[in-house]
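Residue-level listing of the chains:
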Amino acid sequence: MGNGNSGFSEAGLRRVRDVLARHVESKRIPGLVALVGRGGETHVEALGTMRHDGGASMSRDTIFRMASTSKPVTMAAAMVLLDECRLRLDDPVESWLPELADRQVLRRIDGPLEDTVPARRPITVRDVLTSTFGLGMDMTALGTPIMGAVFEQGLTPNLPEPMPEPDEWMRRLGELPLMHQPGEQWQYQISSDLLGVLVARVTGQSFETFLRERIFDPLGMKDTGFHVPADKIDRLPPLYTPDPQTGEFLVWDEAEGGRHSKPPAFQDGGGGLVSTVDDYHAYFQMLLNHGVHGSERILSRPAVELMTTNRLTPEQNAPRTAMARDNVHISFGQGQHGGWGFGMAVRTYRGDYAPIGQFGWDGGSGTSTYADPHNRLTGILLTQVGMSTPDSARVIHDFWTTLYQSLDD
């Protein structure tokens with residue numbers, strides 16, 4: 001790793017490697033692949049093994065389940081449509097998503113599903129892109145009737161039952177009241193899944209086909225998609241969710257015959273992608289390069305600026321602030337960014353080693369993907385250990401700390 005003129009110090013890059021290796025040697029993280037990019041320089045570390053009991057080594061082309069780090073990438077499909085005026089930010093979505101017309105809104109978040117008032121206004125494209133359309137995963141509202149209904153209806157990924165195909169998913173979504181008035185409050189996850197349905201209905205193509213034609217193929221993201229073809233499945237490790245009590249490695253998703261071994265019924269923009277460090281590096285480099293890849297423009301500069309700068313008012317952002325302040329011990333320190341753009345976090349205050357303006361996101365499968373315009377820096381860390389324990393979150397935090405301490409200019 002490294003040479004003297006890349007803006008990284010040799011000693012600093014050695015520390016990145018040593019700290020990552022320590023996590024793998026602890027036996028809590030079977031393996032990982034890390035990439036750091038700055039200027040024209042790219043450094044990759046592939047450490048450990050695909051399985052917790054040994055076997056094949058991790059390699060630079062190992063394919064990982066990107067989980068929620070899918071969000072910043074799948075959002076690019078919507079930005080293409082905004083650039084082409086096939087979507088407008090403040091158009092109501094009901095012309096494409098009639099299931100979301102005439103919404104009712106809960107009087108109180110923990111109230112019965114029948115106790116509602118009419119929505120003050122229709123849901124707009126902007127509400128969906130900023131995750132403020134009125135429904136989402138609210139970890140402070142677990143046990144409420146509305147969160148129960150979201151789970152029972154199979155509206156989120158990561159349940160034992162896969163999500164149904166998009167029209168059925170929309171039908172079920174349309175039966176629920178909103179938790180908040182449109183535009184009122186940031187909420188997690190469901191808007192990112194809704195985005196894929198919106199893109200497919202606007203374009204008349206599947207979400208994946210549109211992403212492939214407009215984002216993946218132009219960027220050379222040849223290993224990115226919603227499933228792993230049979231001829232690549234040996235490059236996908238199992239996904240483990242360790243037992244929180246004992247630390248025993250439980251397989252959440254096997255490679256062969258697992259949930260990524262065939263095309264899913266629902267192409268889940270919130271968490272469904274599989275990819276590699278190099279594919280993600282190409283994407284985040286394009287964002288750092290204001291929408292350009294090589295000689296080709298993928299997104300307009302203003303589209304990238306909209307995605308990667310804070311879009312939320314303090315009122316909309318209140319749940320993220322509360323997560324960072326009150327649930328930091330539950331979320332293993334995730335959420336310390338301040339703001340949110342479209343599909344990704346944006347740092348609006350300096351809470352750790354990363355500067356204001358850094359953008360990206362983390363995934364529950366032990367993945368972390370951010371770019372930093374101030375330092376022209378990309379970092380990607382991929383593991384196969386889900387965040388049922390703090391182990392993969394701690395590797396992620398240490399990766400960013402060591403990456404930033406290695407800067408030398």
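The structure we're discussing is the one just above.
The rules behind these values
- Residues numbered from 1 in each chain as written.
- Predicted model: local features only at pLDDT ≥ 70, side-chain atom pairs only at ≥ 80, totals over all residues.
- Heavy atoms only, no water.
- Helix = DSSP H or I, 4+ residues; strand = E, 2+ residues; numbered from the N terminus.
- Rg over C-alpha atoms; globule rule 2.2 N^0.38 Å.
- Buried < 20%, exposed > 50% of the residue type's maximum accessible area, 1.4 Å probe, protein only.
- Contact = heavy atoms within 4.5 Å.
- Areas by Shrake-Rupley, 256 points an atom, 1.4 Å probe, with all protein chains shown as cover.
- Salt bridge = Lys/Arg side-chain N within 4 Å of Asp/Glu carboxyl O.
- Arc of directions from axis to C-beta.
- Polar contact = N/O pair within 3.5 Å; in protein donor to acceptor, adjacent residues only side chain to side chain.
- Phe/Tyr/Trp six-rings, centres within 6.5 Å; stacked < 30°, edge-to-face > 60°.
- Lys NZ or Arg CZ within 6 Å of the ring centre and 35° of its normal.
- Expected span 1.5 Å × (residues − 1).
- Patch = residues over 30% accessible without salt bridge, like charges linked within 9 Å, V, L, I, M, F, W, Y side chains within 5 Å.

What about the overall build of the chain?
When helices and strands are tallied, the chain shows 11 helices and 16 strands. Compactness check: the chain gives a C-alpha radius of gyration of 20 Å against a globular reference of 22 Å for 409 residues, within 12% of the reference. In terms of its C-alpha atoms, the chain occupies a principal-axis envelope of roughly 60 × 50 × 45 Å. Per-residue burial over the chain gives 58% buried out of 409 residues. If you take every contact in the chain between residues at least 6 apart in sequence, the share linking residues at least 24 apart comes to 68%. Summed over its atoms, the accessible surface of the chain is roughly 16200 Å², and 51% of this surface lies on carbon and sulfur atoms.

What about the pattern of salt bridges?
Pairing is possible between side chains of opposite charge, provided their charged atoms come close. Within this structure, the stated rule accounts for 26 salt bridges. Glu184 is the salt-bridge partner of Arg120, the closest N and O atoms lying 3.1 Å from each other. Linking Arg120 in the loop between strand 6 (116-118) and helix 3 (125-129) with Glu184 in the loop between helix 5 (166-174) and helix 6 (190-203), this pair joins segments that are 64 residues apart in sequence. Residue Glu184 is classed as partly exposed on the basis of its relative accessible area, which comes to 34%. Arg212 is the salt-bridge partner of Glu208, the closest N and O atoms lying 3.0 Å from each other. Taken together, the residues Glu208 and Arg212, both in helix 7 (residues 207-219) and four residues apart, mark about one turn of the helix. Glu208 gets classed as buried once you look at its relative accessible area, which sits at 13%. In this structure, a network of salt bridges that share partners links the residues Asp61, Asp223, Lys232 and Arg235.

Some details on unusual backbone geometry
A positive phi is found at Lys27, a non-glycine position, where the angle reads about 75 degrees. With relative accessibility at 63%, the residue Lys27 sits in the exposed group.

Observations regarding helix 5
Buried within helix 5 we find Trp169, Met170 and Leu173. Taken end-on, helix 5 shows its buried residues confined to a sector of 100 degrees, consistent with a single buried face. Contact partners of the buried residues in helix 5: helix 6. Capping of helix 5 at its N-terminal end is provided by Glu165; its side-chain oxygen lies 3.2 Å from the backbone amide nitrogen of Asp167.

Thoughts on the packing of aromatic side chains
Scanning the entire structure with this criterion turns up 13 aromatic pairs. Where Trp340 meets Trp361, the ring centres are 4.8 Å apart and the plane angle is 85 degrees; that geometry is what we call edge-to-face. Here Trp340 is found in strand 12 (residues 338-340), whereas its partner Trp361 is found in strand 14 (residues 359-363), with 21 residues between them in sequence. In terms of burial, Trp340 and Trp361 fall into one category: buried. Aromatic rings pair up to connect Trp186, Tyr188, Trp340 and Trp361 into one cluster. The ring of Trp186 is capped by Arg320, whose NZ or CZ atom sits 5.2 Å from the centre of that ring.

Some remarks on helix 7
With 13 residues, helix 7 should reach 18 Å at 1.5 Å per residue; the first-to-last C-alpha distance of 17 Å fits that figure. Among all positions in helix 7, only Phe207, Glu208, Phe210, Leu211, Ile215, Phe216, Pro218 and Leu219 are buried. Considering only its buried residues, helix 7 is in contact with helix 2 (70-83), helix 6, helix 8 (277-288), strand 10 (292-293) and strand 11 (296-297). Positive phi appears at Gly220, one or two residues downstream of helix 7, with a value of about 70 degrees.

Overview of a nonpolar patch on the surface
On the surface, Met139, Leu142 and Phe151 cluster together into a nonpolar patch covering about 290 Å² of accessible area. Note that Leu142 resides in the loop between helix 3 and helix 4 (145-152). Leu142 sits in the partly exposed class, given a relative accessible area of 48%.

A short note on the environment of His227
Here His227 lies in the loop between helix 7 and strand 7 (239-240). In this structure the C-alpha to C-alpha distance between His227 and His260, which are 33 residues apart in sequence, comes to 4.5 Å. For His227, the residues in contact, after removing those within four places along its chain, are His260, Ser261, Lys262, Pro263, Pro264 and Val274.

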